[in-house]
Amino acid sequence: MYRAQLSRARVARIPLLFVATFQSVGIMVLMRGVADGPDEARAVVAGSSVLVVAFVALNLLAQYFGQLRAGGGLDHYATLPVPPAAVVLGAAAAYASFTVPGAVVTAVAGSLLFQLPLANLWVLVAVIPLSGAALSGLGAALGLLAPRQELATLLGQLGMSAALLLGVLPADRLPTVIDWARDLLPSTYGVEALAHSFDAHPDWLLICADLGVCAAVGVLSLAVATWAYRRAAVR
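Residues numbered from 1 in each chain as written. Predicted model: local features only at pLDDT ≥ 70, side-chain atom pairs only at ≥ 80, totals over all residues. Heavy atoms only, no water.

A.B. asks: Residues and numbers for the packing of aromatic side chains, please.
C.D. replies: Throughout the structure, instances matching the rule amount to 2 aromatic pairs. Taking 5.3 Å as the distance between ring centres and 70° as the angle between the ring planes, the aromatic pair formed by Tyr64 and Phe65 counts as edge-to-face. For Phe65, a relative accessible area of 0% puts it in the buried group. Taking the centre distance of 5.3 Å and the plane angle of 20° together, the rings of Trp122 and Trp204 count as stacked. Placement of the pair is Trp122 in the loop between helix 5 (100-114) and helix 6 (124-145) and Trp204 in helix 10 (residues 204-233), with a sequence separation of 82 residues. Taking the relative accessible area as the measure of exposure, Trp122 reaches 52% and is therefore exposed. (Phe/Tyr/Trp six-rings, centres within 6.5 Å; stacked < 30°, edge-to-face > 60°. Buried < 20%, exposed > 50% of the residue type's maximum accessible area, 1.4 Å probe, protein only. Helix = DSSP H or I, 4+ residues; strand = E, 2+ residues; numbered from the N terminus.)

Below, the structure is given as structure tokens:
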């Protein structure tokens, strides 16, 4: 199931991955004149890198499952001898894997642009799949629960916009109410883990805690997406 979904995503989404990467790099270039300190620079680079994951894993996956539901594609998957969880996990893993090149390119380009250290970028090995799992589960759930395909597309776009505004902008410049909303966004913890890895002496316990929250949210969101798939498939 994973190989089939990855092949479909690769053929259809490569141009959109280029757009997502170009978008994130462009945001970093624009923010270069605004980020006037190391904390702001770390937030911008980390948020822009995870934004690539949000664009593909959340936005596009919501559209994909919305199209499947509207076009009767779920009936095809229902006939396959695989459990519902395999369909959701296969699609989520494929879309999350598809974000790796863009996220890496964005993180490297941002580190060079803002003169941040490259030594700990290996943290992306954990940040990308865990953020991808959380956002993919959320995207799949939105696509499967939306009553109409257009609404699934809208929800995916709104989710990506939230990842952009709440992930890229430095947290200390956000109002308190918006900061609370930021804490509810799954990708926030991946952004925080990557941002802390740019410190001269990273707090690895804090980074592991952020990644742990991201992993827990990923398990929960994928479970909700699996339930939503079962619910949509029997209708």
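Having seen it, we continue.
A.B. asks: Describe the side chain of Ser24, with residues and values.
C.D. replies: Structurally, the position occupied by Ser24 is in helix 1 (residues 2-31). Sequence-distant contacts of Ser24, that is, excluding residues within four places in its chain, are made with Ser48, Leu51, Val52 and Thr106. (Contact = heavy atoms within 4.5 Å.)

A.B. asks: An account of unusual backbone geometry is requested, with residue identities and associated values reported.
C.D. replies: A positive phi angle is found at Gln115, which is not glycine, with a value near 60°. Looking at the element boundaries, Gln115 is found in the loop between helix 5 and helix 6.

A.B. asks: Which residues make up a nonpolar patch on the surface, and what are the values?
C.D. replies: Among the surface-exposed residues, Val100, Val104, Val108, Leu112 and Leu118 lie close enough to one another that they form a single nonpolar patch of about 370 Å² accessible area. As for its placement among the helices and strands, Val108 is situated in helix 5. Val108 gets classed as partly exposed once you look at its relative accessible area, which sits at 31%. (Patch = residues over 30% accessible without salt bridge, like charges linked within 9 Å, V, L, I, M, F, W, Y side chains within 5 Å. Areas by Shrake-Rupley, 256 points an atom, 1.4 Å probe, with all protein chains shown as cover. Salt bridge = Lys/Arg side-chain N within 4 Å of Asp/Glu carboxyl O.)

A.B. asks: Requested: an account of the state of the cysteines, with residues and values cited.
C.D. replies: Using the criterion set out here, one finds 0 disulfides in the structure. Looking at the unpaired Cys208, the closest cysteine sulfur is the one in Cys214, lying at 13 Å. Given a relative accessible area of 0%, Cys214 falls into the buried group. (Disulfide = S-S within 2.5 Å.)

A.B. asks: Provide a residue-level description of helix 7 (residues 149-168), including the pertinent values.
C.D. replies: When the terminal C-alpha atoms of helix 7 are compared, their 28 Å separation across 20 residues agrees well with the 28 Å that a helix rising 1.5 Å per residue should span. For helix 7, every residue scored as buried is listed here: Ala152, Gly156, Gly159, Met160, Ala163, Leu166, Gly167 and Val168. (Expected span 1.5 Å × (residues − 1).)

A.B. asks: Tell me about the side chain of Ser136, and name the residues and values.
C.D. replies: Examined against the element boundaries, Ser136 turns out to sit in helix 6. Beyond its immediate sequence surroundings of up to four residues, Ser136 is in contact with Ala57, Leu61, Ala92 and Ala96.

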